[in-house]
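# Remarks on the overall topology
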Amino acid sequence: MFYREAGEFKTSYRADQQTFPIRLDKIGFILSLFAAFVIIPITMSEYWAQAVFLPFLIFGIAAIGLNILTGYCGQVSLGSGGFMAVGAYSCYKLMTSFPDMNMLVCILLSGGVTAFVGLIFGLPSLRIKGFYLAVATLAAQFFLVWMFNKVGWFYNYSASGQITAPERTLFGYVITGAKAETVPVYFVCLGLLVFLALIARNLTRGAMGRKWMAIRDMDIAAEIIGVNPLRAKLTAFAISSFYVGVSGALLFALYLGAVEVGEAFSIQKSFIILFMIIIGGLGSIFGSLVGAAFMIGMPVILKNLLVSNLGWPGDIAAHLEFMIVGLMIIIFLILEPHGLAMLWSIIKEKLRIWPFAH
Amino acid sequence: MKLKSALVAVFTGICVTTPVLADLVFPALTYRTGAYAVSGIPQADGYSDYFTMLNERDGGIGGVPIKVVECETQYNTEKGVECYEKTKGLGALVYQPMSTGITYQLIPKASADGIPIHSMGYGRTSAANGKVFPYVFNYPANYWNGASAVVNHILELNGGNIKGKKIALVYHNSGYGKEPIRTLEELSKKHGFELSLLPVDHPGQEQKSQWLQIRRERPDYVTMWGWGVMNQVAIQEAANIRFPMENFIGIWWSGSENDVIPAGDAADGYKALALHAPGMDFPLFNDMKKHVYDKGKAAGAGDQIGTILYNRGMFQAILAAEAVKVAQKMSGKSQITAADMRVGMENLEVDQAMFTKLGLPNFAPNLSVSCNNHGGAGLVAVQQWDAKSKKWNMVADFKPTDMDVINKLIAEDSAAYAKENNITPKCM
């Protein structure tokens with residue numbers, strides 16, 4: 001009886017349909033926001049910010065994006081790395097072409113460009129499904145990376161083929177370039193994540209999200225009851241790509257500072273984001289964030305534990321990390337295909353009926 | 001209760017990395033895993049073994065013990081940045097990122113934090129201009145020296161005229177592999193050879209189409225900027241299409257035992273550039289054996305001793321140690337800081353007398369660093385693989401490269417960087 005929904009009576013549709021209808025959930029949400037906005041920025045060290053918190057916030061956005069497409073609309077995509085690259089390179093081109101542009105506008109516009117590119121690559125999804133679509137998005141991944149390597153215009157013809165973020169400020173704080181301060185960067189990423197997560201949450205429980213889920217569960221049935229598959233699939237592709245593009249722009253401009261497309265946005269990134277939503281939970285915003293936290297935090301914690309505390313050689317710890325990630329994915333696919341988010345629901349269920357077993 | 005205290009201990013251990021201030025700290029960003037481990041392991045072993053030897057034999061440098069902090073990067077830029085953030089608070093004196101990608105990432109960060117970077121024979125070539133890059137050093141030679149050395153060697157073989165010859169560049173499709181292109185293009189204009197570019201994508205295991213193209217185009221010479229598993233695959237593929245090995249010249253990162261041995265006898269005659277001598281015929285190895293190998297203190301598995309890249313790692317450590325000595329002398333204190341280290345590196349001079357004193361006679365050419373020139377003299381030799389005796393032999397001595405072309409390009413590229421980042425070029 002730690003967690004209960006009894007005794008809460010709603011008297012209007014508005015109250016009944018809110019994002020967090022249960023008081024305990026709402027308190028938990030507000031507490032975690034408080035921790036994220038106040039406690040963590042005060043206590044975090046430079047290392048933990050750079051190694052864990054910033055990548056978590058950035059990949060959290062990408063995971064939400066992919067979850068919209070794969071978890072809610074049922075379209076498998078292996079092109080996330082390529083779409084992140086689109087976000088990063090549009091951000092770079094915007095930053096260098098319009099030096100006075102506000103960084104937030106620049107990041108959101110980069111998301112917009114990525115949404116458009118995603119829309120184009122989403123077109124085949126009308127004809128092909130499942131594995132075949134996965135292969136088509138894989139083609140997008142390879143094509144986009146190849147293009148950013150090949151066409152000099154995208155990296156302003158720099159000799160090394162790298163793109164480097166020039167210095168930009170937001171409200172007087174330096175947020176890109178070498179002199180960027182960690183705390184303002186953290187707040188920009190956190191603010192964007194919270195804002196985009198709330199939008200995603202509201203999109204997925206509204207009419208649009210229901211259409212996506214109808215398509216995911218059975219596309220022919222959805223079509224018969226009047227869902228337009230063209231619009232549903234393409235909106236999912238566009239919105240998902242928008243999120244992934246914003247995340248790519250943040251990864252480049254605010255986190256890495258300099259990027260080489262073949263390494264930073266390789267197929268590896270697509271897989272990591274896919275693993276995040278598989279481990280976290282398909283079709284759950286909360287799951288995307290938990291999955292991102294797991295995939296980003298686990299290697300760092302493992303490395304610190306094994307190498308710094310127990311004095312193991314770094315290579316053994318690195319190999320162990322591969323094994324643990326592989327094992328976790330297999331375990332989750334067998335035991336809990338709905339991921340960490342489902343585990344959390346089961347825990348809530350148990351807490352609800354405690355101390356009884358049934 | 002026990003569990004709780006154990007948890008607390010683990011948690012505090014994770015969160016707090018205690019700085020060790022009484023040592024000279026050298027972070028080593030190594031990669032002993034992944035597609036580049038084959039090149040990363042010998043270098044990491046050599047780097048750490050030399051410092052172990054100094055600790056055992058001399059008790060450190062100037063009486064202060066050395067602490068090498070290894071951090072695994074997997075040759076991955078993001079992991080490299082994580083390692084940098086993790087180790088910079090420990091009193092790091094100099095970073096040797098051992099990766100061009102990570103070097104590019106760390107140049108602005110380390111310059112802002114005031115910690116020098118030594119990217120020895122890799123990294124950003126224009127960092128040779130110390131007025132724009134006060135914290136970055138790439139002595140004794142850089143990629144553009146390498147590109148010019150390859151062309152010079154080909155010129156020598158052809159009596160100084162290579163007009164109309166075809167040279168193909170097989171390169172790792174990254175900042176590293178793209179570095180020589182600009183210089184090769186300039187040189188192709190100057191000498192009138194035809195240049196064709198063949199990128200190989202990470203990790204480099206798939207090169208069939210590139211070598212098919214080489215087979216079709218029949219270039220007279222192939223040069224390679226490869227690393228890790230890419231090297232051995234390229235040499236194997238070259239052998240498969242029966243490309244004459246003596247016309248295949250790799251950069252100094254594509255010329256270690258691990259790259260040629262897998263191809264067996266077919267690799268015989270393959271050439272690579274060299275920054276230092278190969279082999280173990282140096283008195284220094286007696287000390288290494290006595291103080292490190294025999295005591296069982298060798299890093300890694302200890303099976304890389306005396307290979308080219310092991311020697312390269314050792315050379316890096318030697319140059320770092322010599323710079324510490326200069327810094328200790330100039331600052332007058334034995335416990336130096338990163339700022340002192342930078343001054344030490346900028347005033348580093350190593351001549352043959354010093355090499356002999358170190359137990360490495362004729363190991364490498366003289367070296368002198370100054371504010372104007374963080375890149376050293378840029379002297380490059382050529383070595384050739386003898387598959388029968390499994391040995392690298394020097395076939396051309398250390399020779400100067402085309403500095404007219406290179407200095408112009410360095411000035412151009414560093415000026416562009418200075419403009420982009422609002423740096424006023426000056427000596428510190």
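Sequence order as written defines the numbering, with residues in each chain counted from 1. Chain letters and ligand numbers both follow the written order, the letters beginning at A and the numbers at 1. Only residues with pLDDT of 70 or above have their local features reported here, since the model is predicted, and side-chain atom pairs are shown and tallied only from 80 upward, although totals for entire chains, interfaces and linings are computed over all residues.

## Digging into the confidence of the model for chain A
A score from 0 to 100, pLDDT tells how confident the predictor is in each residue. Overall, the predicted model of chain A reaches an average pLDDT of 89, with 99% of residues at or above 70. Only DSSP runs of H or I covering at least 4 residues are called helices, and only runs of E covering at least 2 are called strands; the numbering of each starts at the N terminus. Looking over chain A, one finds the lowest element-wise mean pLDDT in helix α1 (residues 13–16) of chain A, namely 78, and the highest in helix α5 (residues 103–122) of chain A, namely 95.

## Quick look at the packing of helix α3 (residues 46–72) of chain A against helix α12 (residues 267–280) of chain A
Residue and element names in this part refer to chain A. Contact pair α3 / α12: the axes reach a minimum separation of 9 Å and the direction vectors enclose 70°. It follows from the interaxial angle that α3 and α12 lie roughly perpendicular. Packed against α3, whose contacting residues are F59, A62, A63, L66, N67, T70 and G71, the element α12 presents I273, L274, M276, I277 and G280 at the interface. Split by residue class, the contact of α3 with α12 holds eight nonpolar, four polar and no charged. Note on method: axes are straight lines fitted to C-alpha atoms, helices fitted across the in-contact stretch only, with angles between N-to-C directions ranging 0 to 180 degrees. Every angle not falling under 35 degrees, over 145, or within 65 to 115 is termed oblique; those three ranges are roughly parallel, roughly antiparallel and roughly perpendicular. What counts as a contact is two residues whose backbone-derived C-beta atoms lie within 7 Å of each other. Each residue gets one label: Ala, Val, Leu, Ile, Met, Phe, Trp, Tyr, Cys and Pro are nonpolar, Asp, Glu, Lys and Arg are charged, and the others, such as Gly, are polar.

## Re the interface of chain B and chain A
Note: interface size is frequently given as the accessible area lost on complex formation between the parts. At the interface, 32 residues of chain B touch 30 residues of chain A. Every element with two or more residues in the side of chain B that touches chain A is listed here: α1 (2–15), β2 (66–72), α3 (77–87), α4 (100–113), α6 (175–178) and α15 (403–420) of chain B. Taken together, the residues of the side of chain B that touches chain A break down into seven nonpolar, twelve polar and 13 charged.

## A closer look at helix α14 (residues 314–335) of chain A
An ideal rise of 1.5 Å per residue puts 32 Å on 22 residues; α14 of chain A measures up with 31 Å between its terminal C-alpha atoms. For α14 of chain A, the set of buried residues is G314, D315, A317, A318 and F332 of chain A. Looking at the packing, one finds that the buried side of α14 of chain A touches α12, α13 (285–309) and α15 (339–353) of chain A together with β2 of chain B. The span expected for a helix works out to 1.5 Å for each residue beyond the first. Put plainly, a residue is buried at 20 or more neighbouring C-beta atoms within 10 Å of its own, exposed at 12 or fewer, and partly exposed in between, counting only other residues' C-beta atoms, which are placed from the backbone.

## Details of the pairing of strand β1 (residues 24–30) of chain B
All names here are of chain B. Here β1 lies mainly inside the structure; seven of its seven residues are buried. By the convention used here, strands pair only if DSSP detects at least 2 bridges between them. Bridge count for β1 against β2 is seven bridges, and the pairing is parallel. In the strand pairing of β2, V25 is matched with K67. The crossover handedness rule: strands pointing away from the viewer, path from first strand over the helix to second strand clockwise, crossover right-handed. Tracing the backbone out of β1, into helix α2 (residues 37–58) and back to the parallel element β2 gives a crossover that is right-handed.

## Quick notes on helix α7 (residues 181–191) of chain B
Residues and elements named next belong to chain B. Among the residues of α7, those classed as buried are I181, T183, L184 and L187. For α7, the angular spread of the buried residues around the axis is 155°, confining them to a single face. Taken together, the buried residues of α7 touch α5 (143–157), β5 (166–172), α6, β6 (194–200) and α15. Taken from the residues just after α7, G192 is the one with a positive phi, measuring 75°. The arc in question is the one traced by the directions running from the helix axis out to the C-beta atoms.

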